[in-house]
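Structural characterization, general
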Amino acid sequence: MSTLAVANDALGLPTGLVNADCDPQSKQTPIVLIHGTFASTRRAFSSLAPALKADGHCLFALNYGRQGPLSPYGTMDINQSAQQISDFVNLVLVRTGATKVTLIGHSQGGLLAFMIARSAPLAGKIDRLVALAPSLNGTTRVPAGMSMKHCPACAQQSDQSAFLQAFHQEKVNPPGVRSLILATRQDLVVTPVERQFMDEPDVTNILLQDKYPKAVATHSGLLHVAGTLTLVREFLEQP
């Protein structure tokens with residue numbers, strides 16, 4: 001059994017959502033799914049993953065960022081979570097023999113996707129990136145100075161955090177990576193919504209309701225509406 005398969009078994013990844021044993025099609029890069037704070041692969045990608053799997057994509061996912069055996073996922077210090085995910089991406093590259101992967105992240109997962117994509121160890125190893133309701137500039141919903149004891153990642157996602165100030169000292173989207181940021185007007189978690197977007201080369205910003213005016217989607221609900229799947233598919237199918 002491969003190292004990656006052992007890691008998947010140990011994490012108890014949900015059957016039917018990821019297909020780590022698939023053989024990548026030559027025209028597609030493997031996809032790594034990255035959930036958000038207090039979430040998990042099963043909770044976040046129960047709609048998107050089966051659809052992408054049916055399209056023939058090879059999917060991999062890591063339930064990351066747990067501070068202890070009973071703590072929620074995605075709560076650990078973001079720098080530590082980024083290291084976990086970066087190591088996992090390298091395992092995916094070894095397992096598949098691919099030269100690049102595509103990253104799809106939700107909320108903190110979107111922030112983490114950009115964070116690891118621009119890191120030196122993964123330079124040139126990311127093909128495309130999809131960030132769904134990403135906390136790139138944090139949120140006004142987390143008060144400045146919040147205690148980091150129980151959820152370091154929560155405090156780091158305050159729009160006033162020192163972590164995010166440091167994060168934005170350099171360009172967010174790495175050269176050569178095509179990225180899609182998708183947000184929803186009804187997001188009450190990562191606020192203000194317009195700060196989920198960024199004006200950088202090779203980044204496409206889409207507000208769901210600009211494409212689907214009648215769409216109603218919350219921060220997490222964005223992962224489960226038909227319009228999201230359509231827009232993600234269109235982006236992944238671009239030559």
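Structural notes, computed from the coordinates. (Residues numbered from 1 in each chain as written. Predicted model: local features only at pLDDT ≥ 70, side-chain atom pairs only at ≥ 80, totals over all residues. Heavy atoms only, no water.)

**Considering the packing of aromatic side chains**
Definition in use: Stacked, tilted and edge-to-face are the three classes applied to pairs of Phe, Tyr and Trp rings, where Trp contributes its six-membered ring and a pair requires centres within 6.5 Å; stacked means planes under 30 degrees apart, edge-to-face means over 60, and tilted covers the rest. Helix and strand assignments follow DSSP, with helices taken as H or I runs no shorter than four residues and strands as E runs no shorter than two, numbered in order from the N terminus. Note on classification: 1.4 Å probe, protein chains only; a residue is buried when its accessible area is under 20% of the maximum for its type, exposed when over 50%, partly exposed between these limits. Only lysine NZ and arginine CZ atoms are considered, and such an atom sits over a ring when it is within 6 Å of the ring centre and within 35 degrees of the ring normal.
The final tally for this structure, using the stated rule, is 1 aromatic pair. Geometrically, the ring pair formed by F163 and F167 is stacked, given 6.5 Å between the ring centres and 15 degrees between the ring planes. A residue pair is termed a helical-turn pair when its members lie 3 or 4 positions apart in one helix, as F163 and F167 do in helix α7 (residues 162–167) at 4 residues. Comparing F163 with F167 shows no difference in burial state: the two are buried. Cation over ring: R66 sits above Y73, and NZ or CZ is 4.3 Å from the ring centre. Across the ring face of F167, the terminal group of R118 is positioned such that the distance to the ring centre comes to 4.2 Å.

**A short note on the layout of surface pockets**
Regions of empty space are outlined by a rolling probe, equal in size to a water molecule, passed over the atoms. Heads up, the rule is: Definitions used for this entry: grid spacing 1 Å over protein atoms alone; cavity, a set of points where a 1.4 Å probe fits but cannot get out; pocket, an open set with protein on both sides within 12 Å along at least 5 of 7 lines; lining residue, one with an atom within 4 Å of a point. Grid points are joined across faces, edges and corners, and a volume is the space filled by probe spheres set on the points. Residues are grouped as follows: Ala, Val, Leu, Ile, Met, Phe, Trp, Tyr, Cys and Pro are nonpolar; Asp, Glu, Lys and Arg are charged; every other residue, Gly included, is polar.
By volume, the largest pocket is sized at about 370 Å³. Looking at the largest pocket, it is lined by 21 residues, and the ones nearest its centre are T37, F38, S107, V189 and H219. Considered class by class, the residues forming the lining of the largest pocket number 9 nonpolar, 10 polar and 2 charged.

**What about the environment of S86?**
Its location among the elements puts S86 in helix α4 (residues 78–96). Classification of S86 by relative accessible area gives buried; the value is 7%. Each C-alpha atom, one on S86 and one on L122, is 7.4 Å from the other, the two residues being 36 residues apart in sequence.

**As for the pairing of strand β1 (residues 31–34)**
As a reminder of what qualifies: Two strands make a pair as long as DSSP finds a minimum of two bridges between them.
Judged by which residues are buried, β1 turns out to be covered on both faces: I31 and L33 on one side and V32 and I34 on the other are all buried. Here β1 pairs with strand β3 (residues 101–106) via 4 bridges, running parallel. Looking at the pairing, V32 lines up with L103 of β3.

**Some thoughts on α4**
Selection rule: An expected span of 1.5 Å times one less than the residue number is assigned to each helix. The arc in question is traced by the directions running from the helix axis to the C-beta atoms.
Under the 1.5 Å per step criterion, the end-to-end length of α4 is 27 Å for 19 residues, consistent within 8% with the ideal 27 Å. If you check which residues of α4 are buried, you get I78, S81, A82, I85, S86, F88, V89, V92, L93 and T96. When α4 is viewed along its axis, its buried side chains cluster within an angular range of 165 degrees and face the same direction. Backbone geometry just after α4 places G97 at a positive phi near 75 degrees.

**A word on the side chain of R128**
For clarity, the cut-off: Pairing of N or O atoms within 3.5 Å defines a polar contact, subject to two protein rules: one partner must be a possible hydrogen donor and the other a possible acceptor, and residues neighboring in sequence count only if both atoms are side-chain atoms. By definition in these notes, contact holds between two residues if any of their heavy atoms fall within 4.5 Å.
Examined against the element boundaries, R128 turns out to sit in strand β4 (residues 126–132). A distance of 2.7 Å separates a polar side-chain atom of R128 from the backbone oxygen of F235. Of note is the side chain of R128, whose polar atom sits 2.4 Å from the backbone oxygen of Q238. Residue contacts for R128: discarding those within four places in its chain leaves V101, T102, L103, V177, R178, F235, L236, E237, Q238 and P239.

**Thoughts on the state of the cysteines**
Note the threshold: Any cysteine sulfur atom paired with another within 2.5 Å is treated as part of a disulfide.
Across all of its chains, the model carries 1 disulfide by this definition. For C151, the disulfide goes to C154, at an S-S distance of 2.1 Å. Judged by the sign of its S-S torsion, about 75 degrees, the bond between C151 and C154 is right-handed. With relative accessibility at 6%, the residue C151 sits in the buried group. Overall, C154 belongs to the buried group, its relative accessible area being 10%.

Remember that the coordinates give geometry; whether it matters functionally is a separate question.
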